[in-house]
Amino acid sequence: MGGQIAFWVCTVMILGGALVTITRRNTVTAVMALVMTFFGTAAMYTLLSAHFLAAIQVLVYAGAIMTLFVFVVMVLNREEQEPWALRGVLTKAIGLCAAAYLVVRICIYLFAGIQEKPGPLPDGWGGVKDVGDTLFTSYLFPFEAISIMLLVAVIGAVVVARIPHKPEAKQPPAEPGSDEGHA
Amino acid sequence: MNDAVVTVQQAGIPAHYYLGVAAALFAIGIVGVIIRRNALIVLMSIELMLNAANLTLLAFARAHHDSTFHALAFLVVAVAAAEAAVGLAIVVGIFRNRHSANLDELTLMKR
């Protein structure tokens, strides 16, 4: 019974947070709702006995990615005039039909039920030791590859986002109208 | 194991409930990508979709008692972090050059 209540609380947090995220005009509200979704997801990972990934979820998503988003919101401090795309009625109708079809197909598949392995989970399943064993024995190469990918991504992000270094101007700017300034 | 953990495991929410939540989360994410114009919200929706993928992986992990899925989900988290960093850097760069984060105005490649 406790597990049921926890599951439904997590579901409301996840889906409510996600809906608020995509509907708010204010970006800061959207980020905070996103954080609620992340915490709900972490709690649901715990319900699935994935304790290690629940911790990682809180650290990486609710810690790092959320901070990144908040900083970018600070840089891009601008309200949207007209936040919604998709104006045509026909487009909306087609989109709704496609979404309804997808939902029906997913429901048919899901409510047929998933084959679950019976019996309790092994001791310590989903903990740090278990996941670490898997990651550092069978999946060592993907682990190293992902670390290199993270390094490349961080360097790439710095290169893309940094203010381009302007060469020394020979003469003072002639026409102030065209000098927009990149900073 | 202590008793609380065992009780939560045996509360027995079947795997397809989790998969349903993940599918709904993914659907919300894709709707966000399609209908919003703000590049930041679109990036957030992509994060939602990656979360849904992780939830699916972990639901199958418990259903099959296989912690390989956990390693995969860990890699997905790393990819999501890298994607957020690069995506936000691109958004900042675009904003700096064009003073707008509206995706409908970024039509330079269409000409």
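Model, not experiment: these values are computed from the prediction.

1. What to know about the overall build of chain A
Now for step 1: Summing up its helical and strand segments, chain A has six helices and zero strands in all.
Now for step 2: Going residue by residue from the N terminus, the α and β elements of chain A occur as α-α-α-α-α-α.
Now for step 3: In chain A, buried positions account for 31% of the 183 residues.
Now for step 4: Residue pairs in contact within chain A that sit at least 24 positions apart in sequence constitute 59% of those at least 6 positions apart.
Now for step 5: If you sum the accessible surface of chain A, you get close to 11,800 Å²; carbon and sulfur atoms cover 71% of it.

2. A short note on a nonpolar patch on the surface
Now for step 1: Together, B:Phe26, B:Ile30, B:Val31 and B:Ile34 give the surface a local cluster of nonpolar side chains, amounting to about 330 Å² of exposed area.
Now for step 2: Here B:Val31 shows up in helix α2 (residues 15-35).

3. Things to note about the packing of helix α6 (residues 140-161) of chain A against helix α4 (residues 68-98) of chain B
Now for step 1: Here α6(A) crosses α4(B) at 10°, and the two axes come no closer than 9 Å. What the angle tells us is that α6(A) and α4(B) run roughly parallel. In this structure, α6(A) uses A:Pro142, A:Phe143, A:Ile146, A:Met149, A:Leu150, A:Ala153, A:Ala157, A:Val160 and A:Ala161 to contact α4(B), whose residues at the interface are B:Phe74, B:Leu75, B:Ala78, B:Val79, B:Ala82, B:Ala85, B:Val86, B:Ala89, B:Ile90 and B:Arg96.
Now for step 2: Along the lines of polarity and charge, the residues of the contact of α6(A) with α4(B) split into 18 nonpolar, no polar and one charged.

4. Examining α2(B)
Now for step 1: Compared with an ideal rise of 1.5 Å per residue, which puts 21 residues at 30 Å, α2(B) spans 30 Å between its outermost C-alpha atoms and is within 8% of the ideal.
Now for step 2: Looking only at α2(B), the buried set comprises B:Ala15, B:His16, B:Tyr18, B:Leu19, B:Val21, B:Ala22, B:Leu25, B:Ile28, B:Gly29, B:Gly32 and B:Ile35.
Now for step 3: Here the buried face of α2(B) lies against α1 (2-23), α2 (27-47) and α4 (89-111) of chain A together with α3 (39-64) of chain B.

5. As for the confidence of the model for chain B
Residue and element names in this part refer to chain B.
Now for step 1: Per-residue pLDDT for chain B has a mean of 83; in total, 89% of the residues score no lower than 70.
Now for step 2: Element-level mean pLDDT values for chain B span from 46 in helix α1 (residues 3-10) up to 91 in α3.
Now for step 3: This model gives residues 1-10 a pLDDT under 50, and the stretch forms six contacts once residues within four places in sequence are excluded.
Now for step 4: Two summary scores accompany this predicted model of the complex, namely pTM at 0.81 and ipTM at 0.85.

6. Concerning the pattern of salt bridges
Two side chains bearing opposite charge may form a pair once their charged atoms approach each other closely.
Residue and element names in this part refer to chain A.
Now for step 1: Enumeration over the complete set of coordinates arrives at one salt bridge over all chains.
Now for step 2: As a salt-bridge pair, Asp 133 and Lys 129 come within 3.7 Å of each other at their nearest N and O atoms. On the criterion of helical spacing, the pair formed by Asp 133 and Lys 129 is a turn pair, its members being four residues apart in helix α5 (residues 128-137).
Now for step 3: Judged by relative accessible area, Lys 129 falls into the exposed class, the value being 66%.

7. Some thoughts on unusual backbone geometry
Now for step 1: Although it is not a glycine, A:Ser49 sits at a positive phi angle of roughly 60°.
Now for step 2: Examined against the element boundaries, A:Ser49 turns out to sit in the loop between α2 and α3 (51-75).
Now for step 3: A positive phi is found at B:His65, a non-glycine position, where the angle reads about 55°.
Now for step 4: Position of B:His65 relative to the elements: it lies in the loop between α3 and α4.
Now for step 5: Given the relative accessible area of 18%, B:His65 is considered buried.

8. Here's the deal with the interface of chain A and chain B
Now for step 1: With 83 residues of chain A at the interface, the matching set in chain B holds 71 residues.
Now for step 2: Carbon and sulfur atoms make up 74% of the surface buried where chain A meets chain B, a total of about 7,000 Å² over both sides.
Now for step 3: Inspection of the chain A/chain B interface yields zero salt bridges.
Now for step 4: Along the contact surface separating chain A from chain B lie six residue pairs in polar contact (both at pLDDT 80 or more).

9. A short note on the packing of α2(B) against α3(B)
Residue and element names in this part refer to chain B.
Now for step 1: Two numbers describe how α2 lies on α3: the axes approach to 8 Å, and their chain directions differ by 165°. In terms of orientation, α2 and α3 fall into the roughly antiparallel class. Between α2 and α3 the crossing geometry is left-handed.
Now for step 2: Looking at the contact of α2 with α3 residue by residue, the class counts come to 18 nonpolar, five polar and one charged.

10. Describing the confidence of the model for chain A
Now for step 1: Per-residue confidence for chain A gives a mean pLDDT of 82, with 84% of residues at or over 70.
Now for step 2: Long-range and interchain partners of residues 177-183 of chain A, a stretch whose pLDDT sits below 50, account for five contacts in this model, where long-range means more than four residues apart.

11. Topic: the packing of aromatic side chains
Now for step 1: Per the stated rule, a full pass over the model turns up eight aromatic pairs over all chains.
Now for step 2: Between A:Trp8 and B:Tyr17 the ring centres are 6.0 Å apart and the planes differ by 65°, which places this aromatic pair in the edge-to-face class. With one member in each of two chains, A:Trp8 in helix α1 and B:Tyr17 in helix α2 form a pair that bridges those chains.
Now for step 3: Ring geometry for A:Phe143 versus B:Phe74: centroids 6.1 Å apart, planes at 20°, classification stacked. Taken together, the residues A:Phe143 in helix α6 and B:Phe74 in helix α4 connect one chain to another.
Now for step 4: On the basis of relative accessibility, which here comes to 16%, the residue B:Phe74 falls in the buried class.
Now for step 5: Clustering of aromatic rings is evident, with ring pairs tying together A:Phe7, A:Trp8, B:Tyr17 and B:Tyr18.

Rules behind the numbers
Residues numbered from 1 in each chain as written. Chains lettered and ligands numbered in written order. Predicted model: local features only at pLDDT ≥ 70, side-chain atom pairs only at ≥ 80, totals over all residues. Heavy atoms only, no water. Helix = DSSP H or I, 4+ residues; strand = E, 2+ residues; numbered from the N terminus. Buried < 20%, exposed > 50% of the residue type's maximum accessible area, 1.4 Å probe, protein only. Contact = heavy atoms within 4.5 Å. Areas by Shrake-Rupley, 256 points an atom, 1.4 Å probe, with all protein chains shown as cover. Patch = residues over 30% accessible without salt bridge, like charges linked within 9 Å, V, L, I, M, F, W, Y side chains within 5 Å. Salt bridge = Lys/Arg side-chain N within 4 Å of Asp/Glu carboxyl O. Axes fitted to C-alpha atoms, helices over the stretch in contact; angles between N-to-C directions. Parallel < 35°, antiparallel > 145°, perpendicular 65-115°, else oblique. Nonpolar A, V, L, I, M, F, W, Y, C, P; charged D, E, K, R; others polar. Expected span 1.5 Å × (residues − 1). pLDDT = per-residue confidence, 0-100. Buried area = accessible area lost by both parts, 1.4 Å probe. Polar contact = N/O pair within 3.5 Å; in protein donor to acceptor, adjacent residues only side chain to side chain. Left-handed = near helix turned anticlockwise from the far one by under 90°. Phe/Tyr/Trp six-rings, centres within 6.5 Å; stacked < 30°, edge-to-face > 60°.

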